[in-house]
Structure formats: C-alpha cells, structure tokens
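Residue-level listing of the chains:
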Amino acid sequence: METFAQSLVSGLLMGSLYAMIGIGLTIIFGVMRIINLAHGEMVMLGMFAAFFSQKLLGIDPFLSVLLLTPAMFVLGVAIYWLLLRKIIPGGELNTLLYTAGMSLLVANVALLAWSGDYRTISLSYGLAPMRPLGIAIPAALAIAFAMAAAITVALWLFLSSTDTGRAIRATSQNREAAILMGIDVERVALFTFGLGTALAGAAGALLAPSLYLYPTVGELLVVKSFVIVVLGGLGSVPGAIAGGLLLGVVESLGAVYVSATYKDGLGYVLFLLVLLYRPTGLFGVGKS
Amino acid sequence: MGWVGGAVAVAVLPILVRNTFFLHVAILVFMWTVLGAAWNVLGGFAGQVSFGHAALFGIGAYTTIILFLKGGLAPWWGIPLGGLVAALASVPIGLICFRLRGPYFSLATLAVAELAKLAALNWEWVTNGPIGFLITTLPSLTVLGRRVDWEAKTPFYVIAALLMAFAILSTAWLRQSRLGAYLVAIREDEDAAEAIGIDTVRAKVVTLGLSAFLAGLGGGFYAFYFRYVDPDAVLNIGLSMEMVFIAMVGGLGTVVGPLIGAIFLTTVGEAVREHFQVGHLIFYGLFMMIVIRFLPEGIWGKVRSVLPGMRAVRHGAP
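Residues numbered from 1 in each chain as written. Chains lettered and ligands numbered in written order. Predicted model: local features only at pLDDT ≥ 70, side-chain atom pairs only at ≥ 80, totals over all residues.

1. A word on the overall build of chain B
We apply this condition: The numbering of helices and of strands both runs from the N terminus, where a helix is a DSSP run of H or I of at least 4 residues and a strand a run of E of at least 2. Radius of gyration here is computed from C-alpha atoms only, and the compact-globule reference equals 2.2 Å multiplied by the residue count raised to the power 0.38. Partly exposed residues are those falling between the two cut-offs: more than 12 but fewer than 20 other C-beta atoms within 10 Å of their own, whereas 20 or more means buried and 12 or fewer means exposed, with C-beta atoms placed from the backbone. Contacts are defined on C-beta atoms placed from the backbone: any two residues whose C-beta positions lie within 7 Å are in contact.
The helix and strand inventory of chain B stands at 16 helices and four strands. Relative to its length of 318 residues, chain B is compact, with a C-alpha radius of gyration of 19 Å against a globular reference of 20 Å. C-alpha extents for chain B along the principal axes are approximately 55 × 45 × 40 Å. Scored against the burial criterion, the 318 residues of chain B give a buried share of 50%. Restricting the contact set of chain B to residue pairs at least 6 apart, pairs at least 24 apart contribute 75%.

2. Digging into the overall build of chain A
Of the regular secondary structure elements, chain A holds eleven helices and zero strands. Its C-alpha atoms give chain A a radius of gyration of 18 Å, near enough to 19 Å, the size a compact globule of 288 residues would have. Oriented by its inertia axes, the alpha-carbon framework of chain A measures out at about 55 × 45 × 35 Å. Each of the 288 residues in chain A was classed as buried or not, and the buried ones make up 53%. Look at the contacts in chain A between residues 6 or more apart in sequence, and 77% of them connect residues 24 or more apart.

3. Here's the deal with the nonpolar core
Filter applied, for reference: Put simply, a nonpolar core is a cluster of buried Ala, Val, Leu, Ile, Met, Phe, Trp, Tyr and Cys residues tied together by C-beta atoms within 7 Å.
If you look at the biggest cluster of nonpolar residues, it comprises 201 residues, and the most contacted ones within it are Met47(A), Ala203(A) and Val34(B). In this structure, Val34(B) is in contact with Leu163(B), Met164(B), Ala167(B), Leu214(B), Leu217(B) and Gly218(B), ignoring residues within four places of it in sequence.

4. Here we look at the confidence of the model for chain A
We apply this condition: Across the chain, each position has a pLDDT score giving the predictor's confidence in that residue, from 0 to 100.
Taken as a whole, chain A shows an average pLDDT of 86; of its residues, 95% reach a score of 70 or greater. Mean pLDDT across the elements of chain A ranges from a minimum in helix 11 (residues 263-277) of chain A, with 80, to a maximum in helix 8 (residues 185-207) of chain A, with 92.

5. Focus: the interface of chain A and chain B
What counts here: Note on residue classes: Ala, Val, Leu, Ile, Met, Phe, Trp, Tyr, Cys and Pro are nonpolar, Asp, Glu, Lys and Arg are charged, and everything else, Gly too, is polar.
Across the boundary between the two partners, chain A contributes 33 residues, which contact 33 residues of chain B. Elements represented by at least two residues in the side of chain A that touches chain B include exactly helix 4 (92-114), helix 9 (217-232) and helix 11 of chain A. Residue composition of the side of chain A that touches chain B, by class: 23 nonpolar, six polar and four charged.

6. Comments concerning the environment of Phe52(A)
Its location among the elements puts Phe52(A) in helix 2 (residues 39-57). Spatially, the C-alpha atom of Phe52(A) lies 9.7 Å from that of Ser64(A), the residues being twelve residues apart in sequence.

7. Regarding the environment of Phe68(B)
Note on placement: Phe68(B) falls in helix 3 (residues 53-71). Those residues in contact with Phe68(B) that lie beyond four places of it in its chain are Leu73(B), Ala74(B), Pro75(B), Gly78(B) and Ile135(B).

8. Describing helix 4 (residues 75-97) of chain B
The following threshold applies: What a helix should span is 1.5 Å times the count of its residues minus one. Fitting one axis to the seven residues ending at a residue and another to the seven starting there, the bend at that residue is the angle between the two axes.
The end-to-end C-alpha distance of helix 4 of chain B is 31 Å, a good match for the 33 Å that 23 residues give at a rise of 1.5 Å each. At Val91(B), helix 4 of chain B shows its maximal bend, which comes to roughly 30°, and the proline Pro92(B) appears one to four places after that position.

9. Some remarks on the packing of helix 4 of chain B against helix 10 (residues 200-226) of chain B
All names here are of chain B. Formally: In this description, a line fitted to the C-alpha atoms serves as the axis of each element, helices being fitted only across the stretch in contact, and the angle between N-to-C directions of two axes falls anywhere from 0 to 180 degrees. Take the far helix as your reference; a near helix turned counterclockwise from it by less than a right angle gives a left-handed crossing, and one turned clockwise gives a right-handed crossing.
Interaxial distance between helix 4 and helix 10 falls to 7 Å at its minimum, and their mutual angle equals 145°. Along this stretch, helix 4 crosses helix 10, giving a crossing that reads as right-handed. Taken together, the residues of the contact of helix 4 with helix 10 break down into 20 nonpolar, nine polar and one charged.

10. Here we look at helix 10 of chain B
At 3.6 residues per turn, the α-helix brings residues three or four places apart onto the same side. In this model, helix 10 of chain B (27 residues) spans 38 Å end to end at C-alpha, consistent with the 39 Å of a helix rising 1.5 Å per residue. Directly beyond the C-terminal end of helix 10 of chain B, a positive phi value near 60° is found at Arg227(B).

11. Observations regarding the confidence of the model for chain B
Residues and elements named next belong to chain B. Summarising the model, chain B shows a mean pLDDT of 86, and 94% of its residues fall at 70 or more. The lowest-confidence element of chain B is helix 16 (residues 308-312), averaging 54 in pLDDT; the highest-confidence one is helix 10, averaging 94. Below pLDDT 50 for its whole length, residues 311-317 participates in three contacts with residues either more than four positions away or in separate chains. Note on the complex model: pTM 0.85, ipTM 0.82.

12. Focus: unusual backbone geometry
Even without glycine at this site, Arg33(A) takes up a positive phi of about 55°. Looking at the secondary structure, you find Arg33(A) in the loop between helix 1 (2-32) and helix 2. Judged by the 18 C-beta atoms lying within 10 Å of it, Arg33(A) is partly exposed. One non-glycine residue, Arg227(B), adopts positive backbone phi at about 60°. Positionally, Arg227(B) belongs in the loop between helix 10 and strand 4 (228-229). Taking the C-beta count within 10 Å as the criterion, Arg227(B) has 17 such neighbours and is therefore assigned partly exposed.

13. A word on the packing of helix 3 of chain B against helix 12 (residues 237-250) of chain B
All names here are of chain B. For clarity, the threshold we go by: Small angles under 35 degrees read as roughly parallel and large ones over 145 as roughly antiparallel, with 65 to 115 read as roughly perpendicular and the rest as oblique.
Contact geometry for helix 3 and helix 12: axes closest at 7 Å, N-to-C directions at 110°. Looking at the two axes, helix 3 sits roughly perpendicular to helix 12. Contact residues: helix 3 offers His-53, Ala-54 and Phe-57, while helix 12 offers Ile-237, Leu-239, Ser-240 and Met-243. Within the contact of helix 3 with helix 12, the residues separate by chemical class into five nonpolar, two polar and no charged.

14. Focus on the environment of Tyr222(B)
All names here are of chain B. With respect to the helices and strands, Tyr-222 occurs in helix 10. The spatial distance from the C-alpha of Tyr-222 to the C-alpha of Phe-105 is 27 Å, given a sequence separation of 117 residues. Excluding residues within four positions of it along the chain, Tyr-222 makes contact with Met-31, Ala-61 and Val-234.

Set out below in structure tokens:
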C-alpha cells in the first residue's frame, strides 16, 4: 500500500511537468493545426538554459524560470514569424515534416555545441526528501510541482478571463468564426506559438534538476508529449493536464508493478490504443 | 537512354575509381537510395508519412545478422529474407496504423518504432539486448572461380548496386501499375478514392508491404556491410527521418528522386563527417527545411519540370 501511494505521488509530481509540456503542444495545435515535432527540443533548450544559468551566472534553476520564460517566448515568436508562417499554407504534412527538420537541426546543433555527455544539476540547498505521511518526496520535484501548478493556474486564468486568452480559445474552437468576430488570427497564432514555446522552456527548466540533461532528450520528451495530448484530446488544455498526470502515474506505477524497463513502452501502448479507439481523446473533446 | 547510361556508369565506376573512400560513399549512396525508395513508395506515392521506417530497417538488419550468427545462413541469403520478414511484420503494423489518417498515422508509426526499439533492447534472448551482434568473419564465397575478398569494397559495391537497381525498378513498375494509380488517388483525396471503389486499406497495406520489403533489404545490407547491429544503430528514430529527408529532397513520388536525394545528402553528410563527429544531421535538418520552403517538389521534381525536353514526355519520363 505504501509503495502504491509512493509511486502514485511521484507519478503525479512528474505528471504535472508533463502536463505543462503537453499544454504548450496542445494550444499550438488548437490554434494553428501544427503538430510541432520540435516541441521536445524547446524543452531541451529550457533544460540547458537552466543548467548554464546556474553554472555560469550562479542563478538557481528554479529562479532562472523567470528569466528564460520570456526569452523562450521571444524565441517562439521568432520561429513562427520567420520560419513557420510561410510553411503553414502548404498543408499539415508539410508543417509536420518541416518541424521534423527543425527538431533534427536544433538537437544536433546542441549535440555539436554541448556534446552528448549526460549532465546533472545539483542544487546548493541539498536534496533531503520531504516525508509527509511516510512518503518520500524529492525536494527538487516538489518545488517543480508547486511552480508548475502555479504556472498552470496562471495560464488557466489568462485563457479564461483576458481578451487575448479568449481570442486564443475562440480561434482554437473555430478559426473562421473568430475571423468574422474581428479577431486577428495571425496575431493570435504568433502569440500562441510564443506561449507554447515558453511553456515548454519553463517545463524544461523545472525538470532539469530531476532528469539527466543531454541534447537529444527532446526525442524522448516529444513522443511523451504526443502521448499526453492524444490521451487528453488534441487541442484541449484540461485534456493535456489530465493526460500529463495520467501518463506520469501510468509510468510510475508501471515501473513498480510491471517492469522498469518497459515503463516507456506502456505509454506508447496506451497511446496506440487511444489513437485507435478514442481518437478524440479519453474525454472526447479533441479535434481530428 | 538515361537508364542505360546510368547502368553503364554504375558498372564502370569501380573499374575507374580505386579509392576506397569513394567506393564507400557510393555504397552508402546505393544503400540510402534503397531506403529512400522504400519510404517514397509509401510517403511519396500514397501520401502516408511514416516516421517508423527505422523499425522495418531494424527488423531486416536483425533478421540477416541473427540468421547468420545463430543459423549459419550466409548474409546474401539473409538480406532477402530480412526484407521478407520486414514485409510480414508490416502487415499487422499497417492494419493497425492505417485506421488513422494524416498526422495521426504519422504519430502512430512513431510509437510503433519506439516500441520496436524497446523490444530490441529488452528481448535479450533474441536480440542480445543493448550489446547487439558483431560479425567477425564473413563466410567464403567463390564467384566465377575466384574467391571473393570481403576486405575489399568492390563486392559490397556490386551487391548494393543490385539492390538499388531492384528498388528503382520496383518503383518504376509501381508508377505505371494500377496500384500506383490507386495510390495517387488516395494521396490526393482518400474519401474520393474510396467513393470510386478503391479498397484503400488494402492498397495501402500492400504498398506498405513493398515499402517494408525494400527497407528490410536495406537493413539486411547494413548488417552485412557494417557487420554490426545494435538497437541504437538500426532502430534509431534518426534513421526514419533520414529516409524521409532523402525522398523529400530528391522529389516525392518520383522514380529517381531517392537516388538524387541519396547522392546529395550522403555526399554532404560524409563530407561533413570528415570534419565533425555528429554534424551531418544538422545539415539534413537544414536541407529539409530549405527544401520544404523553397523546393517542395524536390530536386528531381524541379529538374523534371524545368527541362524542356522532359515536359513533353512527362508520363514516360523517369
């Protein structure tokens, strides 16, 4: 029972970060119908930004989120404006292949610049796990969870109660109707891509103290984030949150009760099953 | 004429060029042409973008090397069997993944490839896990009274050239066949294709079978030439991407596009590899982006539409 509670809790903590990555991917898909295969690389850039800001500038990785989130937003806006905007009219398979090329480019430039070595971030304030009710919670993951929850709530408020947030949701629901209502969908798309990229980067920085950093980590993460958004329904933000938490828990319970080596495989099997039987996601809110 | 000229050029190249490095590059070009053609059959003709072809390549590579090391079957028999096993494996993959369309199909194939890699890493009594397999000595073979020297490049060159010829001829056959016409119809509008009575699932599964056979041949040849197979080498997701890129850069849905793409990307890749350890994939990614942006029909597609003589005979042109 204690093992069960333990893996459930660590799964939920990890899942909160997966959810953040998934939200970024899903809002980009919702507004632009782009499946961004380079999303994992954006997470990787966030991880490395946190690593280098600690190593070179001495900034705590969790504080570095404040700096690098705006930077990743600008990067996302630039990628959309300079590169993707011209590709999107060519159709969804073209954008899929284009972002695949971008993913390969970014990952391998990173590999060249930083080598394939595995790096870790060590926090100056120790890693003694907290132990509420006899469950060990690694401090780094607990802080990351709290920040991820705060960011997700802030994003939720932003999407539900600001004009820009409403414009994003409107465009995501029905692009033509949004245009007719006077929404500048091109600007919404630009903003959304920046926002999605910023979320990926922030999630990367929060994950960095709990995972190994290496330039091709994005490959693993991008597949996980597809699993998440397909579970929750492509285009749905609550779906991505639920999908992220679910994947975290499935992986964590799977590692304990099925097999540690096959834990990543469980996610893929779940993914294929959902794609086949519930292509609109477990909650039936996704778009095909 | 072009066909004959190309065949003659491939035949005399190893006689004129003795430099091992150039022969090595030529062998890689031929191998990648087979793989690019494998992807092109499905992605270019039928418009089904697969990100999972590394799984089919890996199945071919593992089949060839396991049959040799555990069953004593010489690799030149193992290569076609590798293609066959990959084609058989593709049937259930196709029946599952083809229930999905567009990007969903692509994502499903990505998951299949990841599962295949995981299986190879953990199914140790068959695949030897992460360690993989190594061929130390190839069996002796006598052709026309002469013993083949496996330390030289020429025998591999000949085998790779034959595989490439097979890949190009099967693409050419597909192009003029009834199935080829079905695939183009599916690519342009799947609902309309179904409405006029095409069994789209069957057409796609058969095409995936051919595609898998070619990918498996390429994988078998890889095992034979590099004499080394492990999950990272033959089931890497990067391999799937390289196949996509070769077909795309050469020209989707064309017969000789994969050869052009393979020449272009392999020479660039090998030239870069001389200077950097990992740099070639940077250029693959970059070219991919440039081609989609500025040359969506690919190099060969562009050449074909620009050359005045070729426009008139478009239907008969390679």
